Amino acid sequence: MNMRRYLSIAVLSIVPLFANLQNLSLKQALKIVKSDNLELKISRFEEQMKDYEAQAVDGIHYGKLDVTLNAIRSNDALNTFGFKLQSREANFNDFGFSDFLGGIGGMMQMSEGDFAMFSQMMNDPSAQEQMLATEPSDLNFPEARNHYQTKVSYQIPLYTGGKLTEYGNIMHAMHRMSQMDTSKLLNAKIFQVKKTYYDISLVDNYILNLKKIIDNINTLEGIVKSMKYEGYAQDVDVLEVQARRAEADSLYNQATLNRALAYQFLSFLLNQDVDSIKGVHTKAPTPKIELSDIYRDNIDIQKAKLGLEISQMAIDVEKANFLPMVGAFGEYGSADDEFLNEFTDKDSYTVGVQVSMNLFNGGIDKANLEKAKVKNMQVSSQVELAKRGIALKAKQLNTQILSLESDLNSHQKQLTFASRVYESYRGRYKEGVVSISDVLIKQSKQLEILLKLQTIKNKRNSKVFELNSILNPGE
């Protein structure tokens, strides 16, 4: 019994972890989208990779330290002789002196101790040729030998004409560029979340108004049926009212489906299922436009300015091709036919500096430098174009918002007027002054204006959020 109770408590405690989000506020949604949106996560991974790329370039300044361990066995004459030299163990026997000394010994025996004769034999060209033609067996056919070599080497660039430094600066600038890309994407996601919240709130308001209209149609249907019962209306009047209600029901169902789609899109943005939200005002506040703020905060302009800096760095990279490259290296190691045997007794070192400079390559470096300068001028013009274009876009959006606000006020008044006209015609129908068709025409006008009003509100809010994305006001 106790086990069952514990299991019940465990299940009840786990269920909320998998429950969908309900009554979610816009502030909470914006917090979630910043941390959980999949596109933003991918963009932040890109940032990290760019940061590591920049660190990799910075690491070149500190040089490269390697340790190499070689374990070799060979009876190749060249290798074996080299192994003995590296191990500091080479002797005259390794050069084949045993065969050479054998020839000298033979001549001494032939001279029978007579030094004059020995000298004469050594100066004989044929004897010299025979001795020099002797193939040393110890040198040509050595025994197989093991060779263990341990070596530590270090290489470092001393001077690259600024090329390495500028490469590092470019990579760090590319990292900043990726951060700007993430900021721009974040603005887009904030834009989408806010727009979706306002869309859902507008649809909720639209559905509420449709419900009122459907209630009015139902009331009108009751009036028509009563008048038909009294002989003042016909079957066609009832059918006409029912047809109009079917039209309103269709709009209602369509609005409900649009709301469901909006919730699905919001769930996609937040990477979590959302069942309901806290509604917001159906009219998003219009931001204030200041050109100085746009030039300072707009991400596209910031990216264009950073691109200009990168193009200047690229010029410095190309200039470095006309300067010398200087690097240093050093090696320390030891070798023997046994691993790490007599290491310090047989150790060796090598140090050096290398200087290289291109003197002629057919004008390639000069052409690349001129190309980089032209690119810099092009990017400079692009910065001015971005500033002017984005400022123009902001002004256009602001003008469109003002125009839509005017349309919004006009249609709001038209809706109020259409609703009153409909109420008036419904009362006059009860008095028999107008036909049911006249009433339904007025009611249709009310529906038409309501739908236009909804469209204008959506369009206006979309323009407001687009303008906010350009202004990049931050939190």
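Some details on the overall build of the protein chain
Next up, step 1: Along the backbone of the protein chain there are 14 helices and four strands.
Next up, step 2: Expressed as a percentage of its 475 residues, the buried residues of the protein chain come to 34%.
Next up, step 3: Looking at the protein chain as shown, the accessible area adds up to about 29000 Å², and 56% of this sits on carbon and sulfur atoms.

Some thoughts on the sheet that holds strand β3 (residues 325-336)
Next up, step 1: The strand order across the open sheet formed by four strands is β1-β2-β3-β4, and the pairing between neighbours is antiparallel. Two strands close off the open sheet at either side, each with one partner strand: β1 (64-74) and β4 (347-356). Going from strand to strand, the sheet's axes swing by 20 degrees on average, the running direction of each strand aside.
Next up, step 2: Of the pairings in the sheet, the one linking β1 to strand β2 (residues 145-159) comprises 11 bridges and is antiparallel in character. Looking at the pairing, N70 lines up with Q149 of β2.
Next up, step 3: Docked against the sheet, helix α4 (residues 77-86) engages β1, β2 and β3, running at close to 70 degrees with respect to β2.

Here we look at the nonpolar core
Next up, step 1: Within the largest apolar cluster, 34 residues are counted, with the highest numbers of intra-cluster contacts made by L210, L220, V224, V241, Y429, I436 and V439.
Next up, step 2: Broken down by element, this core gets its largest block of residues, 11 residues, from helix α9 (residues 163-229).
Next up, step 3: With sequence-adjacent residues up to four places away left out, I436 is seen in contact with L220, V224, D237, E240, V241 and Y429.
Next up, step 4: Formed by 19 residues, the second largest nonpolar core is a distinct cluster that contains L26, I32, I190 and Y263.

Some thoughts on the packing of helix α3 (residues 38-59) against α9
Next up, step 1: It is at 8 Å that the axes of α3 and α9 come closest, and there the two elements cross at 170 degrees. In terms of axis orientation, α3 runs roughly antiparallel to α9.
Next up, step 2: Here the residues of the contact of α3 with α9 sort into nine nonpolar, seven polar and nine charged.

Considering the packing of aromatic side chains
Next up, step 1: Taken as a whole and assessed by the stated rule, the structure comprises five aromatic pairs.
Next up, step 2: Residues Y148 and F339 carry aromatic rings whose centres are separated by 6.1 Å and whose planes lie at 70 degrees to one another, so their mutual orientation is edge-to-face. Residue Y148 is found in strand β2, and its partner F339 is found in the loop between β3 and β4; the two are separated by 191 residues along the sequence.
Next up, step 3: A relative accessible area of 49% places F339 in the partly exposed class.
Next up, step 4: Centroid distance F191 to F465: 6.3 Å. Interplanar angle 80 degrees. Geometry classified as edge-to-face. Of this pair, F191 sits in helix α9 while F465 sits in helix α14 (residues 436-471), placing them 274 residues apart in sequence.
Next up, step 5: Overall, the relative accessible area of 4% leaves F465 in the buried class.
Next up, step 6: Aromatic rings pair up to connect F191, Y198 and F465 into one cluster.
Next up, step 7: Geometry around Y425 places R428 over its ring, the cationic atom sitting 4.9 Å from the centre.

Some remarks on helix α13 (residues 364-430)
Next up, step 1: Spanning 67 residues, α13 covers 93 Å between terminal C-alpha atoms, matching the ideal 99 Å at 1.5 Å per step.
Next up, step 2: Once α13 ends, the next one or two residues include G432, with phi positive near 80 degrees.

Some remarks on the pattern of salt bridges
Next up, step 1: Applying the stated criterion across every chain yields a total of 24 salt bridges.
Next up, step 2: Among the ionic pairs, D66 bridges to K64, the shortest N-O distance being 3.8 Å.
Next up, step 3: On the basis of relative accessible area, D66 is assigned to the partly exposed category, the value being 30%.
Next up, step 4: Assessed through its relative accessible area of 48%, K64 is described here as partly exposed.
Next up, step 5: E342 is paired through a salt bridge with K346; the nearest N and O atoms lie 3.2 Å apart.
Next up, step 6: Using a relative accessible area of 40% as the deciding quantity, one classes E342 as partly exposed.

Structural notes on the side chain of R145
Next up, step 1: Along the polypeptide, R145 turns up in strand β2.
Next up, step 2: Polar side-chain contacts of R145 include one of 2.8 Å to the side chain of E89.

What about the confidence of the model for the protein chain?
Next up, step 1: Predicted confidence across the protein chain gives a mean pLDDT of 87, with 88% of residues reaching 70 or more.
Next up, step 2: Looking across the protein chain, the model is least confident in helix α1 (residues 2-14), with a mean pLDDT of 50, and most confident in α3, with 96.

Overview of unusual backbone geometry
Next up, step 1: With a phi close to 55 degrees, N23 is a non-glycine residue in the positive phi region.
Next up, step 2: Considering the arrangement of structural elements, one finds N23 in the loop between α1 and α2 (26-36).
Next up, step 3: Take N23: its relative accessible area is 42%, and that puts it in the partly exposed class.
Next up, step 4: The backbone of R88 shows a phi angle near 60 degrees, a positive value even though the residue is not glycine.
Next up, step 5: Note on placement: R88 falls in the loop between α4 and α5 (97-111).

A word on the side chain of E221
Next up, step 1: Within the secondary structure, E221 is located in helix α9.
Next up, step 2: Discounting chain neighbours no more than four positions away, the residues touching E221 are V241, Q242 and R245.

Observations regarding the environment of T160
Next up, step 1: As for its position among the elements, T160 is in the loop between β2 and α9.
Next up, step 2: Along the sequence, T160 and L323 sit 163 residues apart, while their C-alpha atoms lie 7.5 Å from each other.
Next up, step 3: When near neighbours in sequence (up to four residues on either side) are disregarded, T160 contacts A320, P324 and M325.

Section: the packing of α9 against α14
Next up, step 1: Put simply, α9 and α14 touch, their axes get as near as 9 Å, and they point 170 degrees apart. Here α9 is positioned roughly antiparallel relative to α14, judged by the angle of their axes.

What counts as what
Residues numbered from 1 in each chain as written. Predicted model: local features only at pLDDT ≥ 70, side-chain atom pairs only at ≥ 80, totals over all residues. Heavy atoms only, no water. Helix = DSSP H or I, 4+ residues; strand = E, 2+ residues; numbered from the N terminus. Buried < 20%, exposed > 50% of the residue type's maximum accessible area, 1.4 Å probe, protein only. Areas by Shrake-Rupley, 256 points an atom, 1.4 Å probe, with all protein chains shown as cover. Pairing = 2+ DSSP bridges. Axes fitted to C-alpha atoms, helices over the stretch in contact; angles between N-to-C directions. Contact = heavy atoms within 4.5 Å. Core = buried A, V, L, I, M, F, W, Y, C linked by side-chain atoms within 4.5 Å. Parallel < 35°, antiparallel > 145°, perpendicular 65-115°, else oblique. Nonpolar A, V, L, I, M, F, W, Y, C, P; charged D, E, K, R; others polar. Phe/Tyr/Trp six-rings, centres within 6.5 Å; stacked < 30°, edge-to-face > 60°. Lys NZ or Arg CZ within 6 Å of the ring centre and 35° of its normal. Expected span 1.5 Å × (residues − 1). Salt bridge = Lys/Arg side-chain N within 4 Å of Asp/Glu carboxyl O. Polar contact = N/O pair within 3.5 Å; in protein donor to acceptor, adjacent residues only side chain to side chain. pLDDT = per-residue confidence, 0-100.

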